[in-house]
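Fold and geometry: a report
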Amino acid sequence: AGGGRARGVKADGTIVGWGENARGQATVPAPNNNFVAVAAGFYHSLGLKSDGTVVGWGNNSDGQLNVPAPNTNFVAVAAGMNHSVGLKADGTIVVWGANTQGQLDVPAPNTNFIAIAAGDIHSLGLRADGTIAAWGRDVEGQLDVPAPNMDFGGLSGGVSPSSGSWTGGYPG
C-alpha cells in the first residue's frame, strides 16, 4: 500500500480497495470472491484467485492487465508501475505489460523461484536456494544484490513482498 491507494483481502475472499481510484484501480470487478492475494500497481491492481487464476483491473495502457495464457497455476502476484509479475506453482515467473527498461526480461534460468516483488520499473525473484534475481531499470542500484547473494529468506522491490497471501503496493 502507499501513494494514496491501498488494497486488502478479507477472510471471506473478497478484496477491498480504497484511496485513489483515478483509473478504476480501487474498483474490484465482479465477481469479487475467492481471492487469496492482491497487488496494487501505480494505476492497476491484480487479484489472485484460489483456483490459481489472476484478475486485473484499472489502467491497461501497457497491457499490464492482459495476463498471458494459460492463466492458471499462479501462486503469487506483484504489480509494478506499468508491468505485472506472476509466480507459477512450477517455480517459473511470468511477466507482462510495459517492457521499456527490461522489466519483462526474467534472467535465465527462469526456474526454482519461491517469491516475487515488483518495484516501479524493476522486479525481483527469490529462488529456493536463497539467491535473488533482479531485472529491469537499475538507476539507483536496485538490481545490484549485495554479495554474497545467498541465504535470503524474503524480499521487497520497493512495493511489497509476495508470499502468496498478500502482495502489492505503490511503485517506488
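In this report, we go over the structure that sits alongside the text. (Residues numbered from 1 in each chain as written. Predicted model: local features only at pLDDT ≥ 70, side-chain atom pairs only at ≥ 80, totals over all residues. Heavy atoms only, no water.)

Once that is clear, we can look at the environment of V54. Relative to the helices and strands, V54 is located in strand β5 (residues 54–58). V54 sits in the buried class, given a relative accessible area of 5%. Contacts of V54, omitting those with residues within four sequence positions, involve L46, G47, L48, V67, N71, F74, V77 and W96. (Helix = DSSP H or I, 4+ residues; strand = E, 2+ residues; numbered from the N terminus. Buried < 20%, exposed > 50% of the residue type's maximum accessible area, 1.4 Å probe, protein only. Contact = heavy atoms within 4.5 Å.)

Now for the pattern of salt bridges. Considering all chains together, one arrives at 2 salt bridges under this definition. E20 is the partner of R5 in a salt bridge, and the nearest nitrogen-oxygen pair spans 2.6 Å. Taken together, the residues R5 in strand β1 (residues 5–9) and E20 in the loop between β2 (15–19) and β3 (35–40) connect sequence positions 15 residues apart. Under the relative-accessibility criterion, R5 is labelled buried at 3%. We note a salt bridge from R137 to D120, for which the minimum N-O separation is 3.0 Å. (Salt bridge = Lys/Arg side-chain N within 4 Å of Asp/Glu carboxyl O.)

Here the focus is the sheet that holds β5. With respect to topology, 3 strands assemble into an open sheet ordered β3-β4-β5, the strand pairing being antiparallel. Edge positions in the sheet fall to β3 and β5, since each of these pairs with one other strand and no more. Neighbour-to-neighbour, the strand axes of the sheet open up by a mean angle of 20 degrees, direction not taken into account. Taken together, the 5 bridges between strand β4 (residues 44–49) and β5 define a ladder with antiparallel strand orientation. Within the sheet, the bridge partner assigned to H44 lies in β5 and is G58. (Pairing = 2+ DSSP bridges. Axes fitted to C-alpha atoms, helices over the stretch in contact; angles between N-to-C directions.)

Between A30 and P31 the backbone carries a cis peptide bond, its omega angle lying at -5 degrees. Within the secondary structure layout, P31 lies in the loop between β2 and β3. For the peptide bond that leads from A69 to P70, omega is -5 degrees, which places it in the cis range. Along the chain, P70 turns up in the loop between β5 and β6 (74–79). At N34, a position not held by glycine, the phi torsion is positive, near 65 degrees. Mapping N34 onto the fold places it in the loop between β2 and β3. Assessed through its relative accessible area of 44%, N34 is described here as partly exposed. Phi angles above zero are rare outside glycine, and N73 is one such case at about 65 degrees.

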